[in-house]
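Okay, here's what each chain looks like letter by letter:
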Amino acid sequence: MLLILLVIFIALVFTYINGFHDTANSIATVVSTKVLTPRQAVLLAAVTNLIGAFFGTAVATTIASGLVDAQVATMPVLCCALIAAIVWSLLTWWFGLPSSSSHALVGGLCGAVLAASSNRWSSIIWSIPNKEHWWLGKGILWKVIVPMVTSPIVGFVVGFIVMGLLYFLLRNWRPVTVNRVFGKLQLFSAGYMGFAHGTNDAQKTMGIIALALVAGTASGSFDSLPGWLSFLKTPAPAAGQSLHIATWIKILCALTMCAGTAAGGWRIIRTLGHKMVKLHPVHGFAAEATGASVLFTAAHFGMPVSTTHAITTSIMGVGCAKGFNALKLSVVERILWAWVLTLPASAAAAYALVNIARSLGWL
């Protein structure tokens, strides 16, 4: 029982860190264009994240039952996975790199489960294709790898097209008018970005907590609980059915992410909003609308994609519409390295933590 509560606590710590790590990505543009002050942007993001967290549970279901063998994901294993994800997220935040907390979590989960199963690769659900549509498939390939590759490409291309279209439509507008109009419109696009972030990222921790509760229920840890704690009992879903996420889990994760968002993440805001490309309100609107649409669509299909990848590549696409020399390629290179390393680094860290825990007799 104590271990289960520890998993829930560490999962909420991860959610809090995600709040100031990934939400910084979502509000970087509206801060850099000076449409909102950092404090106002954080408040807007906190509120919209909170609202978005209550819309849908597809991503949470994927994390809880679609990536790894739930029987292997015991409490100590989940602890190791979460700690690895937290360490990587904090490390990249310290250096101001907008890495993916989503992929850190997935990598940590896979690395921990692989180590716990004594290198049994089948403990990771690699691919369960769907005969009707590819996006209905389950496993790492369809829910993580394919979206990890396609979402940045879509973000870049759509951002480029949207910004190019805006350049064409606004070619006769005075710059002062463009800034005034899109300064107001960016309030809506920034809110949309925060909402979309909530629909995707808050659900990831919901899935981890649900996975822990399913494991605890299956192991009999809750059998002797008093009646008032019966809400913790979460039986595994029947074959072919999805795991329903309890309302109290949604509320807890949403409020925790909201609190983390309020803490801010100024290092990442500086990297995305100032160092990579110079932005004006019209560019911020295009990038936010594009990134939010990518996130919202992915959440609908239960794909735990990266907020970081979506908004960063949208900013890149918008920047390239100004001219490819508008991008600061040295900054882009640092970001890409952080992306490439996130999955294997977090997986390796979790794998090592599980082996350390086993050597100490905790597993």
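Residues numbered from 1 in each chain as written. Predicted model: local features only at pLDDT ≥ 70, side-chain atom pairs only at ≥ 80, totals over all residues. Heavy atoms only, no water.

### Some thoughts on the packing of helix α6 (residues 140-169) against helix α10 (residues 281-300)
The relative placement of two packed helices comes down to the angle between their axes together with the axis-to-axis distance.
Inference 1: For the pair α6 and α10, the least separation of the axes is 9 Å and the interaxial angle reads 145°. In this structure, α6 crosses over α10, and the sense of that crossing is right-handed. In this structure, α6 contributes S151, V154, G155, V158, G159, V162, M163, L166 and Y167 to the contact, and α10 contributes V282, H283, F285, A286, T290 and V294.
Inference 2: Looking at the contact of α6 with α10, its residues break down into 10 nonpolar, 5 polar and no charged. (Axes fitted to C-alpha atoms, helices over the stretch in contact; angles between N-to-C directions. Helix = DSSP H or I, 4+ residues; strand = E, 2+ residues; numbered from the N terminus. Left-handed = near helix turned anticlockwise from the far one by under 90°. Contact = heavy atoms within 4.5 Å. Nonpolar A, V, L, I, M, F, W, Y, C, P; charged D, E, K, R; others polar.)

### Some thoughts on the nonpolar core
Inference 1: Membership of the largest hydrophobic core comes to 64 residues, with the highest contact counts inside it found for L82, V106, M206, I209 and L213.
Inference 2: Only α1 (2-32), α3 (58-65), α4 (75-94), α5 (101-116), α6, α7 (175-218), α8 (247-263) and α12 (329-359) provide two or more residues apiece to this core.
Inference 3: By residue number, the principal contributor to this core is α4, which donates 11 residues.
Inference 4: Not counting the four nearest positions on each side in its chain, L213 is found in contact with I4, I8, F222, L232, T234, W248 and I249.
Inference 5: Of all hydrophobic cores here, the second largest spans 21 residues; its members include M163, F182, A196 and L295. (Core = buried A, V, L, I, M, F, W, Y, C linked by side-chain atoms within 4.5 Å. Buried < 20%, exposed > 50% of the residue type's maximum accessible area, 1.4 Å probe, protein only.)

### What about unusual backbone geometry?
Inference 1: With phi around 60°, S118 is a residue other than glycine that occupies positive phi space.
Inference 2: Mapping S118 onto the fold places it in the loop between α5 and α6.
Inference 3: When its relative accessible area of 57% is taken as the criterion, S118 is described as exposed.
Inference 4: One non-glycine residue, N119, adopts positive backbone phi at about 65°.
Inference 5: Inspection of the secondary structure puts N119 in the loop between α5 and α6.

### What about the packing of aromatic side chains?
Inference 1: One pass over the structure, following the stated rule, counts 5 aromatic pairs.
Inference 2: When the ring of F182 is compared with that of F285, the centres are 5.4 Å apart and the planes differ by 65°; the resulting orientation is edge-to-face. With F182 in helix α7 and F285 in helix α10, this pair connects stretches of sequence that are 103 residues apart.
Inference 3: Consider the rings of F231 and W248, whose centres lie 5.2 Å apart with planes at 80°: the pair is edge-to-face. (Phe/Tyr/Trp six-rings, centres within 6.5 Å; stacked < 30°, edge-to-face > 60°.)

### Topic: the environment of I208
Inference 1: Tracing the chain through its elements places I208 in helix α7.
Inference 2: The spacing of I208 and L343 is 135 residues in sequence and 17 Å in space, taken between C-alpha atoms.
Inference 3: In contact with I208, other than residues within four places in its own chain, are A11, I63, L78, L82, L105 and L109.

### A closer look at α4
Inference 1: Helix length check: α4, at 20 residues, gives a terminal C-alpha distance of 28 Å against a target of 28 Å (1.5 Å per residue), a fit within 8%.
Inference 2: The first or second residue beyond α4 is G96, which carries a positive phi of 70°. (Expected span 1.5 Å × (residues − 1).)

### Quick look at α7
Inference 1: Compared with an ideal rise of 1.5 Å per residue, which puts 44 residues at 64 Å, α7 spans 62 Å between its outermost C-alpha atoms and is within 8% of the ideal.
Inference 2: Maximum bend of α7: about 30°, positioned at G198.
Inference 3: Positive phi shows up at G220, right after α7, with a value of about 85°. (Bend = angle between axes of the 7 residues up to and from the residue.)

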